[in-house]
Amino acid sequence: MKTVSQNKAFGGVQGVYSHDSTACGCDMTFGLFLPEEAEDGPVPVLWYLSGLTCTHENAMVKAGAQSWAAEHGIALVFPDTSPRGDDVADDDAYDLGQGAGFYVNATQKPWAPHFQMWDYVAEELPALLAGSFAIDPERQAITGHSMGGHGALTLAMNLPGRFRSVSAFAPICHPTASDWGRKQLAEYLGPDESKWARHDATLLMRETGFDGPILTDTGTADQFYDLLQTHALAEAVAKRGQQAQIRFQPRYDHSYFFVSTFIEDHIAFHADALYA
């Protein structure tokens, strides 16, 4: 692992690191904010999964999360959204290929050799962090934006006991029924739609739910509102009786202005679960 940069921030350290990923077969880069409390021992951790076109850097510099994480003594992890490099498959469309990994393990050509983002986020990167930094693996929570909200919800519901809480900003809630999902799942996982179900938060909510609290925020002026299918997740939450807050924020859009407005709420929500 290489240290790309380290900057003092809110009493802690915002670092950027790169490493050779076995899962993705290429170099991967991630951001990690460690609060001041990490100098004295392991701290709880909140994962932030970013959306389409983003790298590790977007949320790290735009979300305004570090000040609130420092207030609660919580580490923040900002993974990249896909493998990258000259040898990694790509597509001219912004919503497929590099920057658009959708947090799945691809099984189809040309994606399969590198696009193993599920294994990277669920297994490889957590093991690397636990072995290298003062992070408590028993106290984890997860959040994300858009495609990253999809990833946060599906990881949380597929890995019972891993995360104490999950939240999302404008998540893609029902990708098997949306143009933001059907295209990518078919490309990465093939035409058999039964293999898509474990990557659909609405279907997972109907089937299993989550063993903890959920918070989502979606702006009513989101330019991608119809693609997100938030109503489908809300209906599944209501039918299951899931512990959840599905909030609609009047006049907010899909941007990081929206994310930064509500990030304080989300970090406080996770702090309640992480310190319970």
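Residues numbered from 1 in each chain as written. Predicted model: local features only at pLDDT ≥ 70, side-chain atom pairs only at ≥ 80, totals over all residues. Heavy atoms only, no water.

J.: Explanation requested: the packing of helix 2 (residues 65–72) against helix 9 (residues 256–274) in the structure shown.
T.: How two helices sit against one another is set out by the angle between their axes and by the gap between those axes. Where helix 2 meets helix 9, the axes come as close as 9 Å, and the angle between the chain directions of the two elements is 25°. As judged from the angle between their axes, helix 2 and helix 9 are roughly parallel. Where helix 2 crosses over helix 9, the two elements pack in a sense that is right-handed. Residue-level inspection shows Ala 65, Trp 68, Ala 69 and His 72 of helix 2 in contact with helix 9, the latter providing Ile 263, Glu 264, Ile 267, Ala 268 and Ala 271. (Axes fitted to C-alpha atoms, helices over the stretch in contact; angles between N-to-C directions. Helix = DSSP H or I, 4+ residues; strand = E, 2+ residues; numbered from the N terminus. Parallel < 35°, antiparallel > 145°, perpendicular 65-115°, else oblique. Left-handed = near helix turned anticlockwise from the far one by under 90°. Contact = heavy atoms within 4.5 Å.)

J.: Would you mind going over helix 2 with me for this structure?
T.: Residues separated by three or four positions in an α-helix point in the same direction, a consequence of the helix having 3.6 residues per turn. Buried residues of helix 2: Ala 65, Gln 66, Ala 69 and Ala 70, and no others. Axial view of helix 2: buried residues confined to an arc of 130°, hence all on one face. Looking at the buried residues of helix 2, the elements they touch are strand 2 (12–21), strand 3 (26–34), helix 1 (57–62), strand 5 (75–78) and helix 9. At the C-terminal side of helix 2, Gly 73 shows a positive phi close to 70°. (Buried < 20%, exposed > 50% of the residue type's maximum accessible area, 1.4 Å probe, protein only. Arc of directions from axis to C-beta.)

J.: Is there a simple way to explain the packing of helix 3 (residues 117–132) against helix 4 (residues 147–158) in this structure?
T.: Two numbers describe how helix 3 lies on helix 4: the axes approach to 12 Å, and their chain directions differ by 60°. In this view, helix 3 runs oblique relative to helix 4, as classed from their interaxial angle. Like other packed secondary-structure pairs, helix 3 and helix 4 cross with a definite hand, here right-handed. In this structure, helix 3 contributes Trp 118, Val 121 and Ala 122 to the contact, and helix 4 contributes Thr 154, Leu 155 and Asn 158. When its residues are assigned to classes, the contact of helix 3 with helix 4 shows 4 nonpolar, 2 polar and no charged. (Nonpolar A, V, L, I, M, F, W, Y, C, P; charged D, E, K, R; others polar.)

J.: What's the story with the pattern of salt bridges in this structure? I'm lost.
T.: Enumeration over the complete set of coordinates arrives at 7 salt bridges. In this structure, the salt-bridge partner of Arg 84 is Asp 80, at a minimum N-O distance of 2.7 Å. In this structure, Asp 95 and Lys 183 form a salt bridge, with 2.7 Å as the shortest nitrogen-oxygen distance. Of this pair, Asp 95 sits in the loop between strand 5 and helix 3 while Lys 183 sits in helix 5 (residues 179–189), and the two are 88 residues apart along the sequence. A relative accessible area of 35% places Lys 183 in the partly exposed class. If you follow the salt bridges from partner to partner, you end up with Asp 217, Arg 247 and Asp 265 in one network. (Salt bridge = Lys/Arg side-chain N within 4 Å of Asp/Glu carboxyl O.)

J.: Got a minute to help me understand the layout of surface pockets in this structure?
T.: Over the atoms, a rolling probe the size of a water molecule traces out where space has been left empty. Of the voids in this model, the largest pocket is the one considered here, and its volume is about 170 Å³. Around the largest pocket sit Gly 51, Leu 52, Thr 53, Cys 54, Tyr 94, His 145, Ser 146, Trp 180, Phe 224, His 254, Ser 255 and Tyr 256, which together line it. Of the residues in the lining of the largest pocket, the class split is 6 nonpolar, 6 polar and no charged. (1 Å grid on protein atoms, 1.4 Å probe; cavity = no way out; pocket = protein on both sides within 12 Å on 5 of 7 lines; lining within 4 Å. Points joined across faces, edges and corners; volume = space filled by probe spheres on them.)

Any link to function would need more than the numbers given here.
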